[in-house]
Amino acid sequence: NALMARITIWKCMRYAVIFMTGLGVLFSAFPALFMEIFSNGSTTLIDTGIPVLRTMLVVEPFFAACIVMKMSLRGAGDTRRVMLISYGIMGFFRVVCTWVWFRLAPETMTLWGIWLVFAFEIIALLSEPSPPTRPDRCPSLWKGSPQPSAATRFPNVPSVLIHWE
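In this text the structure is predicted, and so the values were computed from the model without any measurement.

Q: Just to check I follow, could you spell out the overall build of the chain for this structure?
A: Regarding its fold elements, the chain presents 7 helices and 0 strands. Scanning the chain from its N terminus toward the C terminus, one meets helices and strands in the order α-α-α-α-α-α-α. Across the 165 residues that make up the chain, the buried fraction comes to 36%. When contacts within the chain are restricted to residue pairs at least 6 apart in sequence, long-range pairs at least 24 apart make up 68% of them. For the chain, the computed accessible surface area is about 10,100 Å², with 69% contributed by carbon and sulfur atoms.

Q: When you look at the confidence of the model for the chain in this model, what are you seeing that I'm missing?
A: Caution is warranted with low-pLDDT regions, since their predicted coordinates should not be read in detail. Per-residue pLDDT for the chain averages 75, and the proportion of residues at 70 or more is 75%. Of all secondary-structure elements in the chain, the lowest mean pLDDT belongs to helix H6 (residues 139–142), at 50, while helix H1 (residues 2–29) reaches the highest, 86. Per-residue pLDDT stays below 50 along residues 129–133; that stretch engages in 20 contacts with residues further than four places along the chain or on separate chains.

Q: I tried to follow the pattern of salt bridges on my own but got confused; where do I start?
A: Pairs can form between side chains of opposite charge once their charged atoms are near each other. Summed over the entire model, instances satisfying the criterion amount to 1 salt bridge. Two residues, glutamate 121 and arginine 94, come together in a salt bridge whose shortest N-O distance is 2.9 Å. Residue glutamate 121 is located in helix H5 (residues 111–127), and its partner arginine 94 is located in helix H4 (residues 79–104); the two are separated by 27 residues in the primary sequence.

Q: Please clarify how the environment of tryptophan 112 should be interpreted in this entry.
A: Tracing the chain through its elements places tryptophan 112 in helix H5. Sequence spacing of tryptophan 112 and isoleucine 50 is 62 residues, and the spatial spacing of their C-alpha atoms is 9.0 Å.

Q: What is the right way to look at the packing of aromatic side chains in this model?
A: To describe a pair of aromatic rings, you give the distance between the ring centres and the angle between the ring planes. The tally for this structure, following the rule as stated, stands at 2 aromatic pairs. Ring centres 5.1 Å apart and planes at 85 degrees place the aromatic pair phenylalanine 92 and phenylalanine 93 in the edge-to-face group. For phenylalanine 93, a relative accessible area of 15% corresponds to the buried category. In this structure, arginine 94 is placed above the aromatic ring of phenylalanine 118, and the distance from its NZ or CZ to the ring centre is 4.9 Å.

Rules of the game
- Residues numbered from 1 in each chain as written.
- Predicted model: local features only at pLDDT ≥ 70, side-chain atom pairs only at ≥ 80, totals over all residues.
- Heavy atoms only, no water.
- Helix = DSSP H or I, 4+ residues; strand = E, 2+ residues; numbered from the N terminus.
- Buried < 20%, exposed > 50% of the residue type's maximum accessible area, 1.4 Å probe, protein only.
- Contact = heavy atoms within 4.5 Å.
- Areas by Shrake-Rupley, 256 points an atom, 1.4 Å probe, with all protein chains shown as cover.
- pLDDT = per-residue confidence, 0-100.
- Salt bridge = Lys/Arg side-chain N within 4 Å of Asp/Glu carboxyl O.
- Phe/Tyr/Trp six-rings, centres within 6.5 Å; stacked < 30°, edge-to-face > 60°.
- Lys NZ or Arg CZ within 6 Å of the ring centre and 35° of its normal.

Given below as structure tokens:
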């Protein structure tokens, strides 16, 4: 049923955001420890990677929500739309923005800055998807399902999860 799918997706997103935010806090609190694992003791690599790892505090919650929303849309059968939007946004940020940045101010390009561009990409990906249970996006989910007026059967569910418009 479409209502239960929506409730489950939002619950999964909440858990994923909490878990990935916790990882971001760990990365931000102990960046040198995590960088030492992958650097073989190279102080240059550790010093370069610490600002990037601290960026994860901001990026991880958006990344978690993006993963859940993309997978839920794919699971709902909206694979073509998800693919086109994902590749379009990825191409814009990873190719176009990076190329323009390199042409206009190559001396300002840093590893940390590139990770921020990736963070903006994830935020853009997350801001676009519509809920996977909209009838015009995934009609197969709505066959035989109760309409959103089923809110009376789920009084503890916030109305934003029930009404998509």
